[in-house]
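# Secondary and tertiary structure notes
If you want the building blocks of each chain, they are given just below.
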Amino acid sequence: MTEDEAKRIVDAISVERFQPFLDECGGDLSMALRLYCWDGEISRAFLGVLRDFEVAMRNSFHAKLSGRYSRTDWWDSPRVQLTGTGREQVRSAQLALHREYGAGYTADDMVAKLTLGFWVGLTGRGLNYEMQFWNPALRHSFRGYQGRRGALQQQLDYVRKFRNRIGHHERICHRHLAQDFDTLLRLMQYVSPEKASLHRQHSQVPAVLARKASVLSGQEPVRV
């Protein structure tokens with residue numbers, strides 16, 4: 001790659017967005033471009049783990065709360081008291097689905113449309129969420145977890161913020177990514193031991209982490 005080609009790539013990324021990569025590589029443009037590509041590779045590797053964790057958790061929450069309130073649209077139950085933020089998240093999802101499907105959308109469509117922030121929020125304090133949701137229902141989604149609700153909620157929110165960084169295409173190469181992976185697997189173990197085992201055996205995350213030094217040195221090719 002010529003210097004002009006490299007500079008045009010940086011322009012396409014934006015100088016401001018690329019600067020942290022350049023700083024981390026001591027101003028070495030070629031290495032910074034390799035780091036940028038590796039950052040994209042590790043982000044893609046994490047997406048599979050994050051997807052499976054989010055889907056498993058929200059499906060478990062939905063099943064537990066549908067049982068508690070004896071209806072699949074439990075969010076509309078008069079017995080459910082959501083915070084203002086929670087109500088707005090439900091309303092936003094319903095409006096989006098109505099625009100897309102009219103009145104024909106299902107409870108499963110709502111489960112998929114509600115954000116990870118909504119689901120994580122159900123484990124917070126909320127409007128007495130501990131008695132509304134956690135004690136009678138949601139704690140049963142985390143088999144083997146012996147700690148307090150608040151401590152778990154902090155871990156779930158950590159994962160939410162990490163997922164949002166990747167979803168908004170922000171860099172993650174500066175993080176303790178092996179620790180992020182361990183946190184994800186530990187939480188997934190509570191929700192779905194089978195999926196946790198699958199990712200321990202087959203996730204690309206460990207292999208991509210192991211490639212970092214070789215990619216930065218140019219010994220291994222970048223993957224885009």
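Just so you know, these numbers come straight off a predicted model, no measurement behind them.

## Remarks on the overall build of the chain
- Along the backbone of the chain there are 11 helices and zero strands.
- Counting helices and strands in the order they occur from the N terminus, the chain gives α-α-α-α-α-α-α-α-α-α-α.
- Each principal axis of the C-alpha distribution contributes one length, and for the chain these read about 65 × 40 × 25 Å.
- Out of the 224 residues belonging to the chain, those deemed buried represent 42%.

## So, the environment of Asn135
- As for its position among the elements, Asn135 is in the loop between helix 7 (129–134) and helix 8 (149–167).
- Residue Asn135 is classed as partly exposed on the basis of its relative accessible area of 28%.
- C-alpha of Asn135 to C-alpha of Arg149: the two residues are 14 residues apart in sequence and 9.0 Å apart in space.

## A short note on the environment of Glu100
- Among the secondary structure elements, Glu100 is positioned in helix 4 (residues 84–101).
- Owing to a relative accessible area of 49%, Glu100 belongs among the partly exposed residues under this scheme.
- Looking at Glu100, its side chain comes within polar contact range of the side chain of Tyr101, at 3.4 Å.

## Re the packing of helix 3 (residues 29–69) against helix 9 (residues 177–191)
- Remark: helix 3 packs on helix 9, axes separated minimally by 9 Å, with the N-to-C direction vectors making an angle of 15°. Taken as axis vectors, helix 3 and helix 9 run roughly parallel relative to one another. You can see that helix 3 and helix 9 cross each other, and the crossing is left-handed. Across from Trp38, Ile42, Phe46, Val49, Leu50, Asp52, Phe53, Ala56 and Met57 in helix 3, the residues of helix 9 making contact are Leu177, Asp180, Phe181, Leu184, Leu187, Met188 and Val191.

## A closer look at the packing of helix 9 against helix 10 (residues 193–202)
- Put simply, helix 9 and helix 10 touch, their axes get as near as 6 Å, and they point 150° apart. Regarding the angle of helix 9 to helix 10, the classification is roughly antiparallel. From helix 9, Phe181, Leu185, Met188, Gln189 and Val191 reach across to helix 10, where they touch Pro193, Lys195, Ala196, His199 and Arg200.
- Of the residues that constitute the contact of helix 9 with helix 10, the class distribution is six nonpolar, two polar and two charged.

## Examining the confidence of the model for the chain
- Averaged over all residues, the pLDDT of the chain equals 96, while 100% of them reach at least 70.
- No element of the chain has a lower mean pLDDT than helix 1 (residues 3–13), which averages 88, and none a higher one than helix 6 (residues 116–121), which averages 98.

## What about the nonpolar core?
- If you look at the biggest cluster of nonpolar residues, it comprises 65 residues, and the most contacted ones within it are Phe46, Met57, Leu122 and Phe142.
- If one sorts the elements of this core by residue count, helix 3 sits on top with 15 residues.
- With near-sequence residues (within four places) excluded, Met57 lies in contact with Leu116, Trp119, Val120, Phe142, Leu156 and Val191.

## Things to note about the pattern of salt bridges
- The final tally for this structure, using the stated rule, is 15 salt bridges.
- A salt bridge links Asp52 to Lys195; its shortest N-O distance comes to 4.0 Å. One end of the pair, Asp52, is in helix 3; the other, Lys195, is in helix 10, with 143 residues separating them in the sequence.
- On the basis of relative accessibility, which here comes to 25%, the residue Lys195 falls in the partly exposed class.
- Each of Glu41, Arg211, Glu220 and Arg223 takes part in one network of salt bridges that share partners.

## Considering the environment of Asp76
- Along the chain, the position of Asp76 falls in the loop between helix 3 and helix 4.
- Judged by its relative accessible area of 40%, Asp76 falls in the partly exposed class.
- Along the chain, Asp76 and Arg87 lie 11 residues apart, while their C-alpha atoms are 9.6 Å from each other.
- Look past the residues within four positions of Asp76 in its chain and what remains in contact with it is Arg71 and Gln94.
- Only 3.3 Å separates the side chain of Asp76 from the side chain of Gln94, close enough to count as a polar contact.

So, how was this worked out
Residues numbered from 1 in each chain as written. Predicted model: local features only at pLDDT ≥ 70, side-chain atom pairs only at ≥ 80, totals over all residues. Heavy atoms only, no water. Helix = DSSP H or I, 4+ residues; strand = E, 2+ residues; numbered from the N terminus. Buried < 20%, exposed > 50% of the residue type's maximum accessible area, 1.4 Å probe, protein only. Polar contact = N/O pair within 3.5 Å; in protein donor to acceptor, adjacent residues only side chain to side chain. Axes fitted to C-alpha atoms, helices over the stretch in contact; angles between N-to-C directions. Parallel < 35°, antiparallel > 145°, perpendicular 65-115°, else oblique. Left-handed = near helix turned anticlockwise from the far one by under 90°. Contact = heavy atoms within 4.5 Å. Nonpolar A, V, L, I, M, F, W, Y, C, P; charged D, E, K, R; others polar. pLDDT = per-residue confidence, 0-100. Core = buried A, V, L, I, M, F, W, Y, C linked by side-chain atoms within 4.5 Å. Salt bridge = Lys/Arg side-chain N within 4 Å of Asp/Glu carboxyl O.

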